[in-house]
Every structure is written in C-alpha cells, then in structure tokens.
Amino acid sequence: MSSESYHEAVELLSEETKNMHRAIVSLKEELEAVDWYQQRAEACSDADLRAVLIHNKNEEIEHAMMVLEWIRRHNPTFDANIGTYVNSSGSILEVEASKTAGGATSTSLGIGSLKVTV
Amino acid sequence: MDLLRRELAPVLPEAWEQIDEEARRVLKLHLAARKVVDFSGPHGWKLGCINTGRLKPIQPGPVPNIAHALRESQPLVEVRAAFTIKLIELDFAARGANDLDLGPVIAACERIALAEDGAVFNGFEDAHIRGIIEASPHAPIQVTAAVDWPHAVAKGKESLRRAGVTGPYALALGPKGYDEVTAASDEGYPLRKRIEANLSGPVVWAPALKDGALLLSTRGGDFELTVGQDLSVGYYAHDRENVELFVTESFTFRVLEDKAAILLKRA
C-alpha cells in the first residue's frame, strides 16, 4: 500500500481523493525533511557536512513546491488561496481581511479570455 | 489596498456585488476581440510592457568597437472609464433591493469595451498598438448589399487560405453588418446559418467595427491581447450624495501574423 494513513476505508475513496492523499502525504514528508535538515545543519560542527545538509534541505524545498504545484492544479480552493496569499505584500492578516470584506477586494472582475471554439 | 482603492469607498458589500455582477454581464456581452484573439494574462498591475524579442541598433557609445542595440518592448496602456452613482441608490442593496439602477455602470463598461476593441481592430497609435485592420495586407472585400455577406465571407476565406492562413475562421461584424446577417435571408434561408456553415468559427457582434466586418483566423498564434490588470471596478472619490467609481484595465495588443485577417467593407 502506498500509504498507511487513510482515515476511511480505502474502497470508499475515489481515485481523485487517493491521488490527492498521495500528494498531501508527499508534501508533509518533504516539509518534514526540510525541518530535519535545517536543524541538523544548524547543529552540525563540520562545515563540509553542513554545506551538504543545507544543499539537501534546499532540494527538499524544491520537491515540496513541485508537489504543491500539483495540488494547486488539481484543487481550485488551493488555487484560489495560493492566488490570494502567495506573492502578496504587506500584512498577511490584512490580505485576509481584504479578502473577507464582502467584495471590497482588489481582485478583477475575472473576465479573462472569452475566445469561443465552435 | 491597491490601485483600485475599493476599501475606501462608502459602498456596502451587497452593492459592490451588484456593481461587479452588472459590469461582468455587460463586458462579456460587449467585448468582441477577446472572443476571437489569443489572450495572455492577467499579469497584474506590475506588468508595464511586453518583450517583442527585437533589437534596435543605436549610435555607438563612448567606448570604441562596441556595438549597441536597445531591446524593444511594447508598453501596456492603462484605460479608465469613470462613472458616478448616487449613494442612496447603492444603499438600497443593503436593504434587500436587487434591482439597483446601474445605468452608469453599464455605460462605463460599454465605453471601456469599445476602447479595448477599438485598439485591437482599428489600432491606437499613441498606445503603440497596431490594429488588425491596418496590419492586414489584403485588399478589403466590398459588400454592396446584405445578401452579399455569404459570398464576401467565402471570398475572404479564399484570400486567407491562399495566403497560407488556415482556419478555423471567425467573423466579427459591426452593428450594421450584424443586424443584416442576423435578420436577412437569401431565398428564405437565413444568411447567418449560411455563413456559419462556411466558417467553422463564431460570428461575433463587434460594436467597434464601424465599416463592416473582419474575417480572421482563430487557429492561434496570429493575434495576441496581453492584459496586465484585468477589467476591474475601482474607487475615485465621494461626497454626501454621490460616489465616483471607475472601470479600468491595462493591456496591449500585437498582430503577429498580418495576413491572418481580411476586412469585409460594407458600402
């Protein structure tokens, strides 16, 4: 089994949910590895080993972001929230306040492309 | 807060919702170019220009034997259509009214849609935009009567094909042409159906086309509308009775393949 952490009977879950589970578990593992490498590197007394550990940590960050991008592409709520918070500026709480101000946000009308295919 | 400054407006959330919804409805109806050209964006307010990939040689600098060239870019133009609404009218929304008089929103959206489409179809020199009509190297096809539209479309399609431009093709019609194509028939058979059967693309109502219609390929890669901040409603100012708002966007447009469109000119 790819994962031991299902909370519901696996036969009740759709393939979509199982794939999302795989991605979320992967993201958790990558972030956990980032945390571990960060702590090990900081505590390490050998400069060469510390450099390797920091290099590995940065690779885990890259892996985490690749998985997060997969999640964003497959879940519109992640997509919307990433759009709101990631790369925003100023206070993050103000970004949230602006978002929940009942329409008084800085977002556009969302017209985008109207190209028609017949 | 950003350049729209909506948080400063004395407009209640229920009213913003109705303003935005009405703006969305009108813009989707009136915007024609977005229905037939490629769209890039929205890239946000911070996009000031787009890369054309071109170099422009300039005079040598003070160091000898060094060639100089400037990277060419195309700036985005920012457009705004201001409008004023009575605050008492907007406050009705918070009391449950869902039929606000949003005439000024409609008029502003119509104007800004006309501005975007006008730049795309007819060009806008000060904004560094070359329009599809001026870029087209094909001689316009004259349409002398309503019943000539299907023939003109067939002829236009043939010109595009001969120039190596494949379909699908779309027909963007000015108000007069659109009325004729929609209402008229040829020996009882509706003109629109005859045209659509020959196009494999949409027939689009385009108020910015004054002189007739544009037949263009929608295969992609020929026309590119780049949008920075997409169409949005923002806030200017208010007094005790009125609030001044605006519809805005930033955009530019490029014709990448001149031969991919032909003008059908209604005499």
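Predicted model, so just to flag it, every value in this text is computed and none were measured.

## Structural notes on the overall build of chain A
Next up, step 1: The helix and strand inventory of chain A stands at four helices and zero strands.
Next up, step 2: Beginning at the N terminus, the succession of helices and strands in chain A can be written as α-α-α-α.
Next up, step 3: Of the contacts made within chain A by residues no fewer than 6 positions apart, 38% connect residues no fewer than 24 positions apart.

## Concerning the environment of I132(B)
Residues and elements named next belong to chain B.
Next up, step 1: Checked against the element boundaries, I132 lands in helix α4 (residues 132-135).
Next up, step 2: Using a count of 26 C-beta atoms within 10 Å as the deciding quantity, one classes I132 as buried.
Next up, step 3: For the pair formed by I132 and L263, sequence separation is 131 residues and the distance between their alpha carbons is 9.0 Å.
Next up, step 4: Other than its neighbours up to four places away in sequence, I132 contacts V120, F121, L214, L216, F223, V255 and A261.

## Description of the confidence of the model for chain A
Next up, step 1: Residue-level pLDDT values for chain A average 86, and 87% of them are 70 or greater.
Next up, step 2: The model gives residues 102-106 of chain A a pLDDT under 50, and that stretch makes 16 contacts with residues more than four places away or in other chains.

## Looking at the sheet that holds strand β6 (residues 169-173) of chain B
Residues and elements named next belong to chain B.
Next up, step 1: Here five strands make up an open sheet; going across it, the order is β5-β14-β10-β6-β9 and the pairing mixed. Pairing within the sheet leaves two strands with one partner each, and these edge strands are β5 (141-143) and β9 (203-205). Each adjacent strand pair in this sheet contributes to an overall mean axis angle of 25°, direction not counted.
Next up, step 2: Here three bridges tie β5 to strand β14 (residues 261-266), and the two strands are oriented parallel to one another. Following the sheet pairing, V143 is matched in β14 by R266.
Next up, step 3: In the packing of helix α6 (residues 175-183) onto the sheet, contacts are made with β6, β9, β10 (212-217) and β14, and the angle to β6 comes to roughly 110°.

## Observations regarding the interface of chain B and chain A
Next up, step 1: Contact residues are listed per partner, giving 28 residues for chain B and 16 residues for chain A.
Next up, step 2: Looking at the side of chain B that touches chain A, the elements with two or more residues in it are α1 (13-30) and β12 (232-238) of chain B.
Next up, step 3: If you tally residues by element for the side of chain B that touches chain A, the top one is α1(B), at eight residues.
Next up, step 4: Of the residues contributing to the side of chain B that touches chain A, the split by class is 13 nonpolar, five polar and 10 charged.

## So, unusual backbone geometry
Residue and element names in this part refer to chain B.
Next up, step 1: The omega torsion across G41 and P42 is 0°, close enough to zero to call that bond cis.
Next up, step 2: Summarising the element assignment, P42 is placed in the loop between β1 (38-40) and β2 (49-57).
Next up, step 3: Residue P168 is reached from G167 by a cis peptide bond, and omega for that bond is 5°.
Next up, step 4: Position of P168 among the secondary structure elements: in the loop between α5 (149-162) and β6.
Next up, step 5: Within the chain, H128 stands out as a residue other than glycine whose phi angle is a positive 60°.
Next up, step 6: The phi torsion at S200 lies on the positive side, around 65°, for a residue other than glycine.
Next up, step 7: Positionally, S200 belongs in the loop between α7 (191-199) and β9.
Next up, step 8: The exposure class assigned to S200 is partly exposed, which follows from the 14 C-beta atoms found within 10 Å.

Definitions and limits used
- Residues numbered from 1 in each chain as written.
- Chains lettered and ligands numbered in written order.
- Predicted model: local features only at pLDDT ≥ 70, side-chain atom pairs only at ≥ 80, totals over all residues.
- Helix = DSSP H or I, 4+ residues; strand = E, 2+ residues; numbered from the N terminus.
- Contact = placed C-beta atoms within 7 Å.
- Buried ≥ 20, exposed ≤ 12 C-beta atoms within 10 Å, placed from the backbone.
- pLDDT = per-residue confidence, 0-100.
- Pairing = 2+ DSSP bridges.
- Axes fitted to C-alpha atoms, helices over the stretch in contact; angles between N-to-C directions.
- Nonpolar A, V, L, I, M, F, W, Y, C, P; charged D, E, K, R; others polar.

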